[in-house]
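A look at the structure
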Amino acid sequence: MEEFEASSAAKKTKTIYISTVFGIAMVLLMIGLLGLILVHANNLSRYVKENIVLNIFMDDSAHETDVLQLQKQLDANPMVKQTQYVSKELAARNLQKDLGEDFVKFLGYNPLSQSLDIYLKADYANNAGIEKFKAQLLKNPLVKEVKYQQSLVDQMNSNLTSISLIILGFAGIFVILSVALINNTIRLAIYSQRFLIKSMQLVGATKGFIRKPFLLYGIWHGLLGALIAIVILIGTLYLANKQIPDLVILQSPVEFGFVFLGIIAIGIFISGFSTFLAVNKYLRLKIYNLYR
């Protein structure tokens, strides 16, 4: 009979621990999904900003060698991500494709100017940064005109700021709820062990001695839950990339690595800290309160 009761208690304890690990894993999975959404949103914002083009039209008297020299200078500018030289002939071919007819043949000459297409780094892709850069460019005698879609830049930055604030707001709320859920899961698991904790205390075990195995289990459960969540996240990313191949543009293995390390750290910390608080609660509890 005693062996049966011991076996039944062991099975019950194992079931509780398994449910605790999967409960932690599901919460960490949601945190990880939120982290991946933030990474993709940030990279999408950067990608959009770095694809804003500034068209720098050159003076008709500018020689190609001088324009190419200016291009090298711009490539060395810390604000510039990349540049592209567009000759008069290339500009004419591009416009012919858009119009669907040979306007050069009709006019008898090519009226277009050679130009440079400039793509700024994301940190400078706002109207203030672009206007500053434009003022510097116009001081150069080779530059005749600088054009970009100012209204588009304004609208884009405004929308991206609003979306970022909304996502961060949801992230903050979700992290708080996740911490509460993991904490409650751990407390329920420790609640089932409250008689064991008090029995060890009654036979003279120190608080540190009683607390240590529970903390180790708590840390181990947090780690297992984090690893399960990471495996599911990797599978989710794989399926997402199969369905939407263009997502690869917005993905960075380094940033994903930080997200996964963050999940592990959060899982271990919250699980360990919640276990510490729960065990301390029952160490301080009076015997007659164990049944409440």
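For every chain, the first residue of its written sequence is number 1, and the numbers climb from 1 along that sequence. Predicted model: local features are reported for residues with pLDDT of at least 70 only, side-chain atom pairs are reported and counted for 80 or more only, and whole-chain, interface and lining totals are derived from all residues. Excluding hydrogens and water, the side-chain values take into account all heavy atoms of the structure.

**A short note on the pattern of salt bridges**
Convention followed: Whenever a carboxyl oxygen of Asp or Glu lies within 4 Å of a side-chain nitrogen of Lys or Arg, that contact is scored as a salt bridge. Buried, partly exposed and exposed residues are distinguished by accessible area as a fraction of the type maximum, computed with a 1.4 Å probe on protein chains only: under 20%, between the cut-offs, and over 50%, respectively.
In the structure shown here, the tally under the stated rule is three salt bridges. A salt bridge links Glu50 to Arg46; the shortest N-O distance between them is 3.8 Å. Of the charged contacts in the structure, one is a salt bridge between Glu145 and Lys147, with a shortest N-O distance of 3.6 Å. Residue Glu145 is classed as partly exposed on the basis of its relative accessible area, which comes to 33%. Given the relative accessible area of 42%, Lys147 is considered partly exposed.

**Concerning the packing of aromatic side chains**
Here is the rule we go by: We call Phe, Tyr and Trp rings a pair once their centres come within 6.5 Å, taking the six-membered ring for Trp, and we label the pair stacked below 30 degrees between planes, edge-to-face above 60, and tilted otherwise. Put simply, DSSP marks the helices as runs of H or I at least four residues long and the strands as runs of E at least two long, and each gets a number from the N terminus on.
Summed over all chains, the structure comprises one aromatic pair. For the ring pair Phe269 and Phe273, a centre distance of 5.8 Å and an interplane angle of 5° mean the geometry is stacked. Pair noted here: Phe269 and Phe273 are both in helix α9 (residues 253-284), with a separation of four residues, about one helical turn. For Phe273, a relative accessible area of 42% puts it in the partly exposed group.

**Some details on the sheet that holds strand β4 (residues 143-147)**
Inclusion rule: A strand pair is defined by DSSP finding two or more bridges across the two strands. To get an axis, fit a line to the C-alpha atoms, keeping to the stretch in contact for a helix; angles then go from 0 to 180 degrees between the N-to-C directions. Residues count as neighbours in contact if any of their non-hydrogen atoms are within 4.5 Å of one another.
Reading across the sheet, the four strands line up as β2-β3-β1-β4 and stay open at both edges, with antiparallel pairing between neighbours. Each edge of the open sheet carries a strand with a single partner, namely β2 (80-86) and β4. In this sheet, adjacent strand axes meet at a mean angle of 20° when their direction is disregarded. Where β2 meets strand β3 (residues 115-120), six bridges bridge the pair, whose relative direction is antiparallel. Note that in β3 the partner of Gln82 across the bridge is Tyr119. Sheet strands touched by helix α2 (residues 64-75): β1 (53-58), β2, β3 and β4. Its angle to β2, the strand with the most contacts, is close to 165°. Docked against the sheet, helix α5 (residues 127-138) engages β1, β2, β3 and β4, running at close to 165° with respect to β4.

**Some details on helix α6 (residues 150-191)**
Here is the rule we go by: The span expected for a helix works out to 1.5 Å for each residue beyond the first.
Compared with the 62 Å implied by 1.5 Å per residue over 42 residues, the 61 Å span of α6 between its first and last C-alpha is a close match. All of the buried residues along α6 are Val153, Met156, Asn157, Leu160, Ile167, Ala171, Ser178, Ile182, Asn183, Ile186, Ala189 and Ile190.

**Topic: the UniProt feature "transmembrane region" (unreviewed entry) in the protein**
The criterion, for reference: UniProt positions are given in the numbering used here, feature names are shortened, and annotations may be inferred rather than shown by experiment.
The sites that UniProt annotates as "transmembrane region" (unreviewed entry) are residues 16-39, 163-190, 214-238 and 258-279. Between the C-alpha atoms that bound residues 163-190 there is a distance of 41 Å. The span itself is 100% helix and 0% strand. Counted over residues 258-279, helix gives 100% and strand 0%. Its end C-alpha atoms are 31 Å apart.

**Topic: empty space enclosed by the protein**
For clarity, the cut-off: Cavity and pocket criteria rest on a 1 Å grid covering protein atoms alone: a 1.4 Å probe that fits but cannot get out defines a cavity, protein on both sides within 12 Å along at least 5 of 7 lines defines an open pocket, and an atom within 4 Å of a point defines a lining residue. Grid points are joined across faces, edges and corners, and a volume is the space filled by probe spheres set on the points.
Tallying each qualifying case throughout the model produces one cavity of 30 Å³ or more. Here the largest cavity defines a volume of roughly 60 Å³. Surrounding the largest cavity, Tyr17, Thr20, Ile186, Ala189, Ile190, Phe214, Tyr217, Gly218, His221 and Thr275 form its lining. Listed by contribution, the elements that provide at least two residues to the lining of the largest cavity are α1 (2-49), α6 and α8 (207-243). In terms of residue count, α8 provides more of the lining of the largest cavity than any other element does, four residues in total.

**Side note on a nonpolar patch on the surface**
Operational definition: Surface patches are defined over residues having more than 30% relative accessible area and no salt bridge, joining like charges when they lie within 9 Å and nonpolar side chains (Val, Leu, Ile, Met, Phe, Trp, Tyr) when within 5 Å. The method behind every accessible area is Shrake-Rupley, applied with a 1.4 Å probe, and residues are considered shielded solely by the protein chains displayed.
A cluster of nonpolar side chains, contributed by Ile18, Phe22, Met26 and Ile232, occupies part of the molecular surface with about 340 Å² of accessible area. Of all the elements, α1 adds the most residues to the nonpolar patch, at three residues. Assessed through its relative accessible area of 44%, Phe22 is described here as partly exposed.

**Regarding the packing of helix α7 (residues 194-202) against α8**
Inclusion rule: When an angle is under 35 degrees it counts as roughly parallel; over 145 it counts as roughly antiparallel; between 65 and 115 it counts as roughly perpendicular; any other value is oblique. By the definition used in this description, the sense in which the near helix is turned from the far one sets the handedness, with an anticlockwise turn below a right angle giving left-handed and a clockwise turn giving right-handed. All amino acids are sorted into three groups, where Ala, Val, Leu, Ile, Met, Phe, Trp, Tyr, Cys and Pro are nonpolar, Asp, Glu, Lys and Arg are charged, and the leftover types, Gly among them, are polar.
At a closest axis distance of 9 Å, the pairing of α7 and α8 adopts a crossing angle of 150°. Classified by the interaxial angle, the pair formed by α7 and α8 is roughly antiparallel. When you trace α7 past α8, the crossing you get is right-handed. Every residue of α8 that contacts α7 at Leu196, Ile197, Met200 and Gln201 is listed here: Lys207, Phe209, Ile210 and Phe214. Among the residues forming the contact of α7 with α8, the class breakdown is six nonpolar, one polar and one charged.

**Concerning the layout of surface pockets**
By volume, the largest pocket amounts to about 300 Å³. Around the largest pocket, the lining comprises 16 residues; the ones closest to its centre are Phe57, Ala91, Leu112, Ser113 and Ser115. At the level of secondary structure, the elements contributing two or more residues to the lining of the largest pocket comprise β1, β2, α3 (88-99), β3 and β4. Take the lining of the largest pocket: its biggest share by element is five residues, from α3. Grouping the constituent residues of the lining of the largest pocket by class yields six nonpolar, five polar and five charged. Each pocket or cavity is described by its volume, and for the second largest pocket that value is around 200 Å³. Leu38, Ala41, Asn42, Leu44, Ser45, Lys49, Leu160, Thr161, Ile163, Ser164, Ile167 and Leu168 together form the lining of the second largest pocket. Those elements that provide at least two residues to the lining of the second largest pocket are α1 and α6. Here the residues of the lining of the second largest pocket are counted per class, giving seven nonpolar, four polar and one charged.

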